[in-house]
Each structure stands twice: as structure tokens, then as C-alpha cells.
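Listed here are the chains, written in short residue letters.
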Amino acid sequence: MNQKEFMQLIHPFKDKVFRVAKRLLVSTEEAEDATQEVLVKLWHKNEALQAYTSVEALAMTMTKNYCLDQLKSKRANTLSLVHSNFTDRAAGVQQQVEDQDTWNWVERIMNELPEQQRLIVQLRDIEEMESDKIAEILNMNEQAIRTALSRARKTIRERMQKTHQYGTH
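Definitions and limits used
- Residues numbered from 1 in each chain as written.
- Predicted model: local features only at pLDDT ≥ 70, side-chain atom pairs only at ≥ 80, totals over all residues.
- Heavy atoms only, no water.
- Helix = DSSP H or I, 4+ residues; strand = E, 2+ residues; numbered from the N terminus.
- Expected span 1.5 Å × (residues − 1).
- Buried < 20%, exposed > 50% of the residue type's maximum accessible area, 1.4 Å probe, protein only.
- Arc of directions from axis to C-beta.
- Contact = heavy atoms within 4.5 Å.
- Salt bridge = Lys/Arg side-chain N within 4 Å of Asp/Glu carboxyl O.

Draft legend 1. Region of the structure containing helix H4 (residues 93–112). Over its 20 residues, H4 runs 29 Å from end to end, which matches the ideal 28 Å to within 8%, given 1.5 Å per residue. Of all the positions in H4, only Asp99, Trp103, Val106, Glu107, Ile109 and Met110 are classed as buried. On an axial view of H4, the arc spanned by its buried residues comes to 165 degrees, and they lie on one face. For H4, exposure combined with an orientation more than 90 degrees from the buried face picks out Val93, Gln94, Val97 and Glu112. Of the surrounding secondary structure, the elements contacted by the buried residues of H4 are helix H5 (115–126) and helix H7 (142–165).

Written out as C-alpha cells, the structure reads:
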């Protein structure tokens, strides 16, 4: 496979690799490094890539593993999730402030979730990946993915309800 074919193969999911790396590593520079590292590793597997049923799932698995290795090496205890596309650009200033405040609460709650649930929410709800792909990436069965996702969403929903009820009585 030549460089042009390789770029065509990875182009559809290259940005997704970066976003997952950014969510896990927080730093844009570290996420760019991780993305580059994953793409270099994929390039070195160049000839063997056709053997994989999903190069995207392979890339996402490699990204997850690389980032988790980076975090372990730094002994990082928390992951910060940053989602810059949350607010509607057409919304008024007040709505944007409220949306940002809500997202900040969701982010705090998500940071308190167990690592596996945090990754599943990231991949499913933010990256919009299907359960079967997430199961492949995380080496879990689809039912376990759905259960963990349901529990994570329930935790987020319950804590958000408590947050919004606080001070209303």
C-alpha cells in the first residue's frame, strides 16, 4: 500500500483518533503526539492492515492503549473531558452561559465515573461509535458495554438532578 492509499484508508477516522487522545490526555500537544504515534504504528503495519476487519477499531484500540500507557507513566489520577462543541453558536449569550455551566457539571460528574464507564460514554455519546465497535476496542462483550453505558448515564442523570434541585427548595 502506498502513502496515498494509506492516507485514504485512515482519513475517515483520523480526527476521531485525535479526539479520543485529547479526551484521555487533555493536552492538545500530547493528543497530537499520540495521534502521530498511532498513525506511524499503523503505517508500520501497512501491509497487514488489509487483514483487519476494521482498521478504525484497530486504530481506536491502539489510541486507547497508547494514551492509557502515557497516563500510567505519568501516574495521572484523573482524566479531564473537554467538549468544545457543546454550546449552540446561534444561542443567545445567556443560553450559552447556561449550556457551558451544564457541560461543566456533566464534565465534573464524568470525571468521577470509573475509567471504563468514562471511556464508554466518551466513545458512544461523544464519538457516536456503535456498541459493537466499542466492545471490540475495549475487548468486552456488547451486553457489558450497554450495561456500563446505562449505569454511567444513570449516574450522570441522578447527579445532574441533584445539582439542579439544590437551592430550589
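Now that the structure has been shown, the text picks up again.
Draft legend 2. Quick peek at the pattern of salt bridges. One pass over the full model with this rule turns up five salt bridges. With a closest N to O distance of 3.0 Å, Glu112 and Arg159 form a salt bridge. Placement of Glu112 in helix H4 and of Arg159 in helix H7 is noted, with a sequence separation of 47 residues between them. Here Glu112 falls in the exposed class, since its relative accessible area comes to 55%. For Glu142, the salt bridge identified is with Arg146, shortest N-O distance 3.5 Å. Highlighted residues: Glu142 and Arg146, both in helix H7, separated by four residues, approximately one helical turn. The exposure class of Glu142 is partly exposed, given its relative accessible area of 34%.

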